[in-house]
Amino acid sequence: MLQQPIIARDPVRFLSGYAGTLPVHFFSPEALDARLAAFMTGFPGLVTYAVKANPADDVISRLYAGGMRGFDVASPDEIDLIRRLCPDAAMHYNNPVRSRSEIVHGIAAGVASWSVDDAGELEKLIAMGATGEIAVRFKLPVAGAAYNFGAKFGAEEAEAARLLARVAEAGFKPAITFHVGTQCADPAAYATYVRAAAGIAKAAGVTIERLNVGGGFPSARDGRAVDLTPYFAAITGALSAFDTAPALVCEPGRGLVADSFAYAVQVKSVRAGRVYLNDGIYGGLSEFPSMVIPRFAVLSQSGRIRGGSSQPRVVFGPTCDSLDTLREPLPLPADMEEGDWVLFGSMGAYLTGVTTRFNGYGEWTTAIVKSVTF
Ligand SMILES: *Cc1c(COP(=O)(O)O)cnc(C)c1O
């Protein structure tokens, strides 16, 4: 089922014998299985996967083999990907803005659930003959996430109630959804949203069948996997705000896949106070300007982790664009050299889908490993 066999025990072992120069994306299927199990056993509802976080065939197939039967898709391409690899899985088309041709594609592929945050988009779905569930997406000004999803999608609460009433009147299965923002550090954010969803359903006079609590679950901080239990408990606890508790759905992306990958980039050049890497913000490090930089280690070419004193250095990517610089200097070993590898943990999300070929960079190789710890 995997396209490649396991080729090393872990990234450090692999790099000590690697003579190539392409960045290496390490994937541990076993680590993905373990995180999937944490969601499947802990979350009191249907676990679906947000495909955009990592659309690699190996990831989708592994999740499917582990029992994943629902996927959050956002485009015709993602729909086709899921139909190809997971023929009987449910698809939730949760990009609330769709062209008419995209709606046609979704209907033909049998999309089971749609999200909306706007009256015009809802009327479009009705007019074009969509069926099944429609989840109204709303937003609140809640802090706690690394990145504000509400800035792009989600209706205000009063508008969400109007949309929900229309969804029910038009004969769809009524549902509500939200996204607290990715890498959410505060379980209470979910509880706040769940209670607000109950208020919206009441205001609309609609009993919703499902509540989709979105993604936002965090990946490891300081190299340690985040316990999901407080998140699930906060969600379950807040359900008491509903007169009739809806069934739950979640759609993790980062919190499910990030920790089963690591990413190694090579040092091209070292200068006083600066290093130049062979990937940067137009490639696998595209999130580094806006997100907390994950745990990392520097390895010599022989595969030894450099543990000596460190000094702050400005980190540049390989392209000739001055934006291709990490926001903050990183504390890097004083004795690091050209040819060393910088190995970043928790790099499974928002890397494969967003890497560009700007300036001829952006190619990497994938290595399947038993474990991604270092
Ligand atoms: C991106 C996205 C997700 C996944 O978000 P993460 O923060 O990676 O968990 C879930 N739902 C929707 C609708 C999304 O757009």
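Calculation criteria
Along each chain, numbering runs from 1 in the same order as the chain's sequence is written. Local features in a predicted model are, by the rule used here, given only for residues with pLDDT of at least 70; side-chain atom pairs are given and counted only at 80 or more, and totals for whole chains, interfaces and linings are based on all residues. By convention in this description, side-chain values take in all heavy atoms of the structure and omit both hydrogens and water. Each helix corresponds to a stretch of at least 4 residues labelled H or I by DSSP, and each strand to a stretch of at least 2 residues labelled E; elements are numbered beginning at the N terminus. The near set for a molecule or strand comprises every residue that places at least one heavy atom within 4 Å of it. Counting of polar contacts relies on pairs of N or O atoms within 3.5 Å, with two restrictions inside protein: one atom must be capable of donating a hydrogen and the other of accepting it, and residues adjacent in sequence are counted only when both atoms are side-chain atoms. A 1.4 Å probe and the Shrake-Rupley method give the accessible areas. Residues count as covered only by the protein chains that appear here. Classes in brief: Ala, Val, Leu, Ile, Met, Phe, Trp, Tyr, Cys and Pro nonpolar; Asp, Glu, Lys and Arg charged; the others, Gly included, polar. Note on aromatic contacts: the rings of Phe and Tyr and the six-membered ring of Trp form a pair at centre separations within 6.5 Å, being stacked when their planes are under 30 degrees apart, edge-to-face when over 60 apart, and tilted otherwise. Type-normalised accessible area, obtained with a 1.4 Å probe on protein chains alone, sets the label of each residue: buried when under 20%, exposed when over 50%, and partly exposed for intermediate values. Counted as over-ring charges are cases with an Arg CZ or a Lys NZ within 6 Å of the ring centre that also lie within 35 degrees of the ring normal. Helices are assigned an expected span. That span is 1.5 Å times one less than the residue count. The directions from the helix axis to the C-beta atoms form the arc being described. Any two residues whose heavy atoms approach within 4.5 Å at even a single point are treated as in contact. Here, any two strands with at least 2 DSSP bridges between them count as paired. Only one rule defines a salt bridge in this text: a Lys or Arg side-chain nitrogen within 4 Å of an Asp or Glu carboxyl oxygen. For every domain, the bounds stem from an assignment made automatically or drawn from a database. As used here, buried area is the combined drop in accessible area, with a 1.4 Å probe, of two parts when they are placed together.

(A) Quick look at unusual backbone geometry. Backbone geometry places Tyr 350, a non-glycine residue, at a positive phi of 60°. Even without being glycine, Asn 359 reaches a positive phi, approximately 65°. Residue position: Asn 359 is located in the loop between β16 (341-345) and β17 (365-368).

(B) Quick peek at the site of the ligand. Taken together, 15 residues sit near the ligand, with Lys 52, Thr 182, Glu 251, Arg 254 and Tyr 350 positioned nearest. Interatomic distance of 2.7 Å between a side-chain N/O atom of Lys 52 and an oxygen atom of the ligand. Between the ligand and Arg 254, the relevant distance is 2.8 Å, taken from an oxygen atom to a main-chain nitrogen or oxygen of the residue. For the ligand, the protein covers 95% of the area, taking 390 Å² as the surface of the free molecule. A per-class count over the shell around the ligand returns four nonpolar, six polar and five charged.

(C) Here's a closer look at the packing of aromatic side chains. Scanning all chains against the criterion turns up 20 aromatic pairs. Note on Tyr 18 and Trp 341: the rings are 5.5 Å apart at their centroids and 50° apart in plane angle, and the pair reads as tilted. Of this pair, Tyr 18 sits in the loop between α1 (11-16) and β1 (24-27) while Trp 341 sits in strand β16, placing them 323 residues apart in sequence. One exposure class covers both Tyr 18 and Trp 341, and it is buried. The interplanar angle of 65° and the centroid separation of 6.2 Å between the aromatic rings of Phe 217 and Tyr 231 together place this pair among those described as edge-to-face. Separated by 14 residues along the polypeptide, Phe 217 in the loop between β9 (210-212) and α9 (229-238) and Tyr 231 in helix α9 bring together distant segments of the chain. Both residues of the pair, Phe 217 and Tyr 231, belong to the buried class. One residue, Arg 69, lies across the ring of Tyr 64, its end atom 3.9 Å from the ring centre. Note that Arg 98 overlies the ring of Tyr 93, its terminal NZ or CZ placed 4.7 Å from the centroid.

(D) Representation of helix α7 (residues 157-169) in the model. For α7, built from 13 residues, the straight-helix expectation of 18 Å at 1.5 Å per residue is met to within 8% by its first-to-last C-alpha distance of 18 Å. Every buried residue belonging to α7 is among Ala 160, Ala 161, Leu 163, Leu 164 and Val 167, and all of these are buried. Taken end-on, α7 shows its buried residues confined to a sector of 165°, consistent with a single buried face. Across from the buried face of α7, at angles greater than 90 degrees, the exposed residues are Arg 162 and Glu 169. Considering only its buried residues, α7 is in contact with α6 (119-128), β7 (133-137), β8 (173-177) and α8 (187-204). Gly 171 lies just past α7 and shows a positive phi near 95°.

(E) Structural context of the pairing of β1. The two faces of β1 match: Val 24 and Phe 26 on one face and His 25 and Phe 27 on the other face are all buried. Where β1 meets strand β11 (residues 261-271), four bridges bridge the pair, whose relative direction is antiparallel. In the strand pairing of β11, Phe 26 is matched with Ala 262. Looking at chain direction, β1 and β17 are connected through four bridges and run parallel. Across the sheet, residue Phe 27 finds its bridge partner in β17, namely Ile 368.

(F) Spatial organisation of the pattern of salt bridges. Per the stated rule, a full pass over the model turns up 15 salt bridges. Put simply, Arg 306 and Asp 335 hold a salt bridge, and the shortest N to O gap is 3.4 Å. Of this pair, Arg 306 sits in the loop between β13 (296-299) and β14 (310-316) while Asp 335 sits in the loop between β15 (330-333) and β16; the two residues are 29 residues apart in sequence, bridging distant segments of the chain. The residue Arg 306 makes a salt bridge to Glu 337 at a minimum N-O spacing of 3.8 Å. With Arg 306 in the loop between β13 and β14 and Glu 337 in the loop between β15 and β16, this residue pair connects regions lying 31 residues apart in the sequence. Relative accessible area serves as the criterion here: at 10%, Arg 306 is assigned to the buried category. When salt bridges that share partners are traced, they join Arg 306, Asp 335, Glu 337 and Asp 340 into one network.

(G) Up close: the domain arrangement of the chain. Each domain of the chain was delimited in the assignment, giving domain 1 (11-26 + 258-368) and domain 2 (29-257). Taking only C-alpha atoms, the centre of domain 1 and the centre of domain 2 are 32 Å apart. Counting residues at the interface gives 16 residues for domain 1, matched by 21 residues for domain 2. Taken as a group, Asp 259, Met 291 and Tyr 350 account for 36% of the area that domain 1 buries against domain 2, more than any other trio of residues on that side.

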